[in-house]
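What the coordinates show
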Amino acid sequence: MPLVPFVEAETIRKTVEAVGVINKGQRYLMELMDPQNKNTFEILFTPNSLGGSVIEVAKVLARSARDTLIARLHIQTLSFGFDGIQFESADVATYAKMMERANEVTITFVENDLAFVRNYIIDWQEDVAEFDTYTNKYIFKENQEFAKRNCKIFLQMGTMVPSPGWITLHGLRPQKIGDVTIGHGETEPWMMEVTFSTDYNKLETLF
C-alpha cells in the first residue's frame, strides 16, 4: 500500500520537471525572438498623382520636404483597422457573406508654435475642397486623385532594424480635424487629431 503514494509522488515530480524544461525552452525562445515595436517606426509619404498641370507638379515637389518633417517630428500616433470578412450563419454552418472594408485612419499630430501642422492640414484639405468666400460654399476639386497621398509605415524590431513587413495606407485625404478644448486649465500641448479617408489599409510583407 505505501508504494502507491510514492509512485504518484514520483510521477508528479517528473511531470513538474518536464513542464519546467518546456517553460525554460519557451523562455529561451522568447529571449531569441525579436518583436516588432509599435513605438518605433518610420513613415514615408508619397504622392498618389503628380498632377495634371505645372502648378500641381511644382506643389508636389515643394511639399515632399514638409511630408518628411511631419512624419518624423509631428506624428505621435496612428490608429486604423484592416479589411475583414463578414460571415453569416446558415443552420449549423457559416458562409462568407461580404467584405468589411477599412477606409479610415486617425492620426494625432503635435502642433508647434508656428502653426505648422494646421497649415499643413489646411493646405491638404484645399486639394480636396476649397472654400469660396463669395458664395460661402465649398467647391470640390475636379482632380481628386491629386489630393490623395499614400503612406507606408515600417515598424522597427528590437534590434532597431526595419521589419520586412510594412503597413500601407493608400489614398489618404483629410476628412475632419477633431474637436479641441481650449481653456486656462489646459496644460497639455495641442494634440491635433485628424481623421483621414483611405482607399484601403493593408498589411504587406516581402515574404
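The rules we used
Residues numbered from 1 in each chain as written. Predicted model: local features only at pLDDT ≥ 70, side-chain atom pairs only at ≥ 80, totals over all residues. Heavy atoms only, no water. Helix = DSSP H or I, 4+ residues; strand = E, 2+ residues; numbered from the N terminus. Buried < 20%, exposed > 50% of the residue type's maximum accessible area, 1.4 Å probe, protein only. Contact = heavy atoms within 4.5 Å. Areas by Shrake-Rupley, 256 points an atom, 1.4 Å probe, with all protein chains shown as cover. Core = buried A, V, L, I, M, F, W, Y, C linked by side-chain atoms within 4.5 Å. Salt bridge = Lys/Arg side-chain N within 4 Å of Asp/Glu carboxyl O. Phe/Tyr/Trp six-rings, centres within 6.5 Å; stacked < 30°, edge-to-face > 60°. Lys NZ or Arg CZ within 6 Å of the ring centre and 35° of its normal. Expected span 1.5 Å × (residues − 1). Arc of directions from axis to C-beta. Bend = angle between axes of the 7 residues up to and from the residue. Polar contact = N/O pair within 3.5 Å; in protein donor to acceptor, adjacent residues only side chain to side chain.

1. Topic: the overall build of the protein
Looking only at helices and strands, the protein has four helices and eleven strands in total. For the protein, with 207 residues in total, the buried portion stands at 26%. For the protein, long-range pairs separated by at least 24 residues make up 67% of all intrachain contacts whose partners lie at least 6 apart in sequence. When the accessible surface of the protein is summed, it comes to about 14400 Å², and 61% of that surface belongs to carbon and sulfur atoms.

2. Looking at the nonpolar core
If you look at the biggest cluster of nonpolar residues, it comprises 20 residues, and the most contacted ones within it are Phe45, Phe109, Ile121, Leu172 and Phe196. The element contributing the most residues to this core is helix α3 (residues 116–128), with four residues.

3. Points about the pattern of salt bridges
What the rule picks out here adds up to 13 salt bridges. Lys59 is the salt-bridge partner of Asp127, the closest N and O atoms lying 2.7 Å from each other. With Asp127 in helix α3 and Lys59 in helix α2 (residues 54–74), this pair connects stretches of sequence that are 68 residues apart. We classify Asp127 as buried; its relative accessible area is 4%. Via salt bridges that share partners, Lys59, Arg63, Arg66, Asp123 and Asp127 belong to a single interconnected network.

4. Description of the packing of aromatic side chains
Under the counting rule described, the total for this entry stands at seven aromatic pairs. Cluster of aromatic residues (ring-pair linked, three or more members): Phe45, Phe109, Tyr120, Trp124 and Phe196. One Lys or Arg, Arg63, reaches over the ring of Phe146 and ends 4.9 Å from the middle of that ring. Lying over the aromatic face of Trp124, Arg149 brings its terminal NZ or CZ to 3.9 Å of the ring centre.

5. Examining the side chain of Thr108
Locating Thr108 in the fold gives a position in strand β5 (residues 104–110). The buried category is assigned to Thr108, whose relative accessible area is 12%. Beyond its immediate sequence surroundings of up to four residues, Thr108 is in contact with His74, Ile75, Gln76, Thr77, Met191, Met192 and Glu193.

6. Description of α3
Given 3.6 residues per helical turn, the α-helix brings residues three or four places apart onto the same face. Over its 13 residues, α3 runs 19 Å from end to end, which matches the ideal 18 Å to within 8%, given 1.5 Å per residue. Within the sequence span of α3, burial applies to Val117, Tyr120, Ile121, Asp123, Trp124, Asp127 and Val128. When α3 is viewed along its axis, its buried side chains cluster within an angular range of 160° and face the same direction.

7. Structural notes on α2
A rise of 1.5 Å per residue sets the reference length of α2, with its 21 residues, at 30 Å; its end C-alpha atoms lie 29 Å apart and thus fit the reference within 8%. Taken as a whole, α2 carries its principal kink of about 35° at Arg63. Those residues of α2 lying buried are Val60, Arg63, Asp67, Ile70, Ala71 and His74. Looking at the buried side of α2, the elements it contacts are β1 (36–47), β2 (75–80), β5, α3, α4 (144–147) and β8 (149–157).

8. A word on the side chain of Asp67
With respect to the secondary-structure elements, Asp67 resides in helix α2. Relative accessible area serves as the criterion here: at 6%, Asp67 is assigned to the buried category. Within polar-contact distance, the side chain of Asp67 engages the side chain of Arg149 at 2.9 Å.

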